[in-house]
Amino acid sequence: MSQKQKGICCILASAFFFAIMNMMVRLAGDLPSVQKSFFRNFIAMLFSLAVVLKEKDSFHFQKKNLPILFLRAFAGTVGILCNYYAVDHLVLSDATMLNKLSPFFVIIFSWLFLKENVSLSQGLSVLIAFGGSLFIIKPTFSNVHLGAALIGVLGGLGAGIAYTAVRYLGMKGENKSFIIFFFSAFSCVVTLPFLIFDYHPMSFSQVACLLGAGLAAAGGQFGITYAYTYAPGREISVYDYSIVLFSALLGFIFLHQIPDRYSVIGYFIVCGIAVFSFFYEGKKEKDEAALS
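Note that the structure is predicted; figures quoted are calculated from it, not measured. (Residues numbered from 1 in each chain as written. Predicted model: local features only at pLDDT ≥ 70, side-chain atom pairs only at ≥ 80, totals over all residues. Heavy atoms only, no water.)

### Regarding the state of the cysteines
(1) Moving on: Taken as a whole and assessed by the stated rule, the structure comprises 0 disulfides.
(2) Moving on: Distance from the sulfur of Cys9, which forms no disulfide, to the nearest cysteine sulfur (Cys10) is 7.0 Å.
(3) Moving on: Residue Cys10 is classed as buried on the basis of its relative accessible area, which comes to 19%. (Disulfide = S-S within 2.5 Å. Buried < 20%, exposed > 50% of the residue type's maximum accessible area, 1.4 Å probe, protein only.)

### Section: the pattern of salt bridges
In a structure, side chains of opposite charge can pair up when their charged atoms sit close to one another.
(1) Moving on: Applying the stated criterion across every chain, the model contains 3 salt bridges.
(2) Moving on: One salt bridge connects Lys100 with Asp240, and the closest N-O pair in it is separated by 2.6 Å. Of this pair, Lys100 sits in the loop between α4 (92-99) and α5 (102-113) while Asp240 sits in the loop between α10 (233-236) and α11 (242-255), placing them 140 residues apart in sequence.
(3) Moving on: Looking at Asp240, the relative accessible area reads 9%, which means it is buried.
(4) Moving on: Here Lys138 and Asp260 are joined by a salt bridge, their closest N and O atoms 3.4 Å apart. On the criterion of sequence distance, the pair formed by Lys138 in the loop between α6 (120-137) and α7 (146-171) and Asp260 in the loop between α11 and α12 (261-291) is long-range, its members being 122 residues apart.
(5) Moving on: Since its relative accessible area comes to 35%, Asp260 is described here as partly exposed. (Salt bridge = Lys/Arg side-chain N within 4 Å of Asp/Glu carboxyl O. Helix = DSSP H or I, 4+ residues; strand = E, 2+ residues; numbered from the N terminus.)

### Observations regarding empty space enclosed by the protein
(1) Moving on: Counted by the stated rule, this structure contains 1 cavity of 30 Å³ or more.
(2) Moving on: When its volume is computed, the largest cavity comes out at roughly 320 Å³.
(3) Moving on: Forming the walls of the largest cavity are 22 residues, and the residues nearest its centre are Phe18, Arg40, Ile80, Asn99 and Tyr163.
(4) Moving on: Within the residue set of the lining of the largest cavity, elements represented by two or more residues are α1 (3-27), α3 (66-89), α4, α7 and α9 (204-230). (1 Å grid on protein atoms, 1.4 Å probe; cavity = no way out; pocket = protein on both sides within 12 Å on 5 of 7 lines; lining within 4 Å. Points joined across faces, edges and corners; volume = space filled by probe spheres on them.)

### Observations regarding the packing of aromatic side chains
(1) Moving on: Enumeration over the complete set of coordinates arrives at 12 aromatic pairs.
(2) Moving on: Pairing Phe70 with Phe182 gives two aromatic rings, centres 5.2 Å apart and planes at 80°, and the pair type is edge-to-face. Here the residue Phe70 occupies a position in helix α3, and Phe182 occupies one in helix α8 (residues 176-197), the gap between them amounting to 112 residues.
(3) Moving on: With relative accessibility at 37%, the residue Phe70 sits in the partly exposed group.
(4) Moving on: Judged by relative accessible area, Phe182 falls into the buried class, the value being 14%.
(5) Moving on: Geometrically, the ring pair formed by Phe178 and Phe181 is tilted, given 6.5 Å between the ring centres and 45° between the ring planes. Of this pair, Phe178 and Phe181 both sit in helix α8, 3 residues apart, which is roughly one turn of the helix. Each of the two residues, Phe178 as well as Phe181, counts as buried.
(6) Moving on: Through a chain of ring-to-ring contacts, three or more aromatic side chains come together here, namely Phe61, Phe70, Phe178, Phe181, Phe182 and Phe186.
(7) Moving on: Its guanidinium or amino end placed over the ring of Phe183, Arg72 lies 4.2 Å from that ring's centre, counting from NZ or CZ. (Phe/Tyr/Trp six-rings, centres within 6.5 Å; stacked < 30°, edge-to-face > 60°. Lys NZ or Arg CZ within 6 Å of the ring centre and 35° of its normal.)

### What about the environment of Lys36?
(1) Moving on: As for its placement among the helices and strands, Lys36 is situated in helix α2 (residues 33-54).
(2) Moving on: For Lys36, a relative accessible area of 1% gives the class buried.
(3) Moving on: Spatially, the C-alpha atoms of Lys36 and Arg26 are 9.7 Å apart, while their sequence positions differ by 10 residues.
(4) Moving on: Those residues in contact with Lys36 that lie beyond four places of it in its chain are Val25, Ala28, Gly29, Leu31, Tyr84, Asp88 and Leu210. (Contact = heavy atoms within 4.5 Å.)

### Comments concerning unusual backbone geometry
(1) Moving on: A positive phi angle, close to 55°, is found at His256, a residue other than glycine.
(2) Moving on: Relative to the elements of secondary structure, His256 occurs in the loop between α11 and α12.
(3) Moving on: The exposure class assigned to His256 is exposed, which follows from its relative accessible area of 68%.

Structure representation (structure tokens):
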């Protein structure tokens with residue numbers, strides 16, 4: 001297999017694991033999002049710790065990057081909490097699609113904070129994607145799930161900030177496994193007090209679901225991390241949107257959920273503009289390389 005093919009396989013596996021994670025979170029039932037987040041991140045922390053311990057000098061980081069590590073961890077924690085709330089209150093594929101607005105937020109934040117150039121086509125893709133998200137959010141007073149949908153968007157915003165921070169840390173040479181460990185450990189520490197003072201007793205099936213969510217999250221996190229070590233994001237990132245298909249399928253099979261026609265229109269708009277932007281920017285890069 002070529003490096004690109006390996007990257008595609010890893011990112012498809014990551015999308016599938018994250019879809020399973022969301023399904024397990026929903027199947028865990030009526031538990032606080034904070035409690036679900038703690039168990040998810042605790043399992044991921046153990047996995048990342050095992051990987052970090054195997055690597056030489058893996059706990060080393062540049063002190064000047066510590067604020068960005070905290071930003072990544074804080075934004076990622078907010079993103080997960082909001083995503084889990086949306087998963088509990090929306091159709092699974094709707095919650096997943098709103099969280100997948102994060103790549104468009106990355107474009108915005110990379111422009112604002114990393115001073116990366118944004119082309120006209122990228123700017124238009126952001127506007128069209130947010131326009132498409134309105135079909136999923138359904139911003140009307142008659143929509144009883146409007147609050148959950150807006151929280152889902154906030155989850156995508158948090159993820160966008162977190163991924164922008166990860167990009168910055170990667171550019172500065174920070175260890176990928178340590179970034180995952182730092183985030184998971186931070187999230188556990190932040191959510192532990194809420195867990196202690198507002199713990200909800202769980203049945204065996206709920207514990208099993210949350211352990212499954214944690215294992216799936218670890219698989220997804222490492223899958224996407226290794227995917228980008230095999231191939232650059234511009235070549236494989238579009239395949240991450242397969243999570244919407246996986247979520248819709250799992251939601252239909254295990255939760256008997258069927259998204260409404262407006263949500264489906266929103267899926268097509270957001271995924272469509274992501275695919276268009278992916279191929280358009282790739283073609284533009286090839287044309288510019290041929291001219292240089």
